[in-house]
Amino acid sequence: MRIALAQFAASTDPAANLARVADFAEQAAAQGAELVVFPEATMCSFARPRADAAEPFAGPWATSVRALAARLGITIVVGMFTTTGTPRVRNTLLVTGTVEARYDKLHLFDALGYAESRQIEAGDRAVTIELSGHTIGLATCYDVRFPTLFTHLAGLGAELILLPSSWAPGDGKLHQWRTLVTARAMDSTSFVVAVDQSLPAASADGRTPTGIGHSLAVDPAGAVLLELGEADELAVVDLDLTSVAATRERLPVLQHARSL
């Protein structure tokens, strides 16, 4: 499966971000990608109050992305904020194209002096999709610190787990990012494609989650197949998802896991 990683820094303007999504998706389709993955909060960066930008899942921003995916014949995974009918919103992944799905972020980043839960309501279920005969799991950013989600997705049949992110910068955060993404691939014996926002020129307050770049594609044995730099970039990677079964046969950690 050819997958495009679309790494860029979202602004606080959903219309401008939609134009960037269209540009990257068109480039991905031209390079033969079947799936293009964008970061968390692509619709609008965390620098703007979430409720100000949130729309219904069937609202105009998502509808435009659906039309784009249909026109290009590509599946798009992109982060947005969706309304709930309450002051808090959902941190949502829109999946659209040959398959239609949503994932609402399960684990909220209430850590390191930040409280995502002040504006975000957590999701309540793990989600997989089926694409070209393969099962793909969905996760978002802080979810990467919770190994059981990744092994659960693998237990549901996921051979690939997508991880859109807006990874806040800070001391040691790049090391943590690389380590956690690689570890989750090894825990779940799955491919992991983690797409972060690029490093912006400056953060509004030094604490707002933005991005550090370094989007990654990691194989089920933990080998890094692709790592981007800090800047905006589109890259494609070809993954042989049929190889996952052989890896799991040689290294059956999912079968060996015990409940304690």
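Our structure's up above, just so we're on the same page.
In short, a report on the structure.

Rules used in this analysis
- Residues numbered from 1 in each chain as written.
- Predicted model: local features only at pLDDT ≥ 70, side-chain atom pairs only at ≥ 80, totals over all residues.
- Heavy atoms only, no water.
- Salt bridge = Lys/Arg side-chain N within 4 Å of Asp/Glu carboxyl O.
- Helix = DSSP H or I, 4+ residues; strand = E, 2+ residues; numbered from the N terminus.
- Buried < 20%, exposed > 50% of the residue type's maximum accessible area, 1.4 Å probe, protein only.
- Pairing = 2+ DSSP bridges.
- Axes fitted to C-alpha atoms, helices over the stretch in contact; angles between N-to-C directions.
- Contact = heavy atoms within 4.5 Å.
- Parallel < 35°, antiparallel > 145°, perpendicular 65-115°, else oblique.
- Left-handed = near helix turned anticlockwise from the far one by under 90°.

Another point: the pattern of salt bridges. What the rule picks out here adds up to eleven salt bridges. Salt-bridge contacts for Asp232 lead to Arg20; the nearest nitrogen and oxygen are separated by 2.9 Å. In this pair, Asp232 is assigned in the loop between strand E13 (224-227) and strand E14 (233-238) and Arg20 in helix H1 (residues 14-30), connecting sequence segments 212 residues apart. For Asp232, a relative accessible area of 38% gives the class partly exposed. Residue classification places Arg20 among the partly exposed positions, given a relative accessible area of 29%. Salt-bridge contacts for Arg90 lead to Glu121; the nearest nitrogen and oxygen are separated by 2.8 Å. Note that Arg90 is positioned in strand E4 (residues 90-96) and Glu121 in the loop between strand E7 (114-115) and strand E8 (128-131), a separation of 31 residues in sequence.

In this section: the sheet that holds strand E11 (residues 191-196). Strands sit in the order E8-E9-E10-E11-E12-E13 across an open sheet of six strands; the sheet is mixed. Looking at strand neighbours, the two that pair on one side only are E8 and E13, the edges of this open sheet. The average angle at which neighbouring strand axes cross in this sheet is 20 degrees, direction not considered. When strand E10 (residues 160-165) meets E11, the two strands line up parallel, connected through six bridges. Considered in E11, the bridge of Leu162 is made with Val193. Strands in contact with helix H4 (residues 147-155) are E8, strand E9 (134-138) and E10; relative to E10, the strand with the most contacts, it is inclined by about 140 degrees.

Right, let's talk about the packing of H1 against helix H3 (residues 60-72) for a bit. Running from N to C, H1 and H3 point in directions that differ by 15 degrees, and their axes come no closer than 11 Å. Accordingly, the angle class assigned to the pair H1 and H3 is roughly parallel. Two packed elements cross with a definite hand, and for H1 against H3 that hand is right-handed. Contacts between H1 and H3 pair Pro14, Leu18, Val21, Ala22, Ala25, Glu26 and Ala29 from the former with Trp61, Ser64, Val65, Leu68, Arg71 and Leu72 from the latter.

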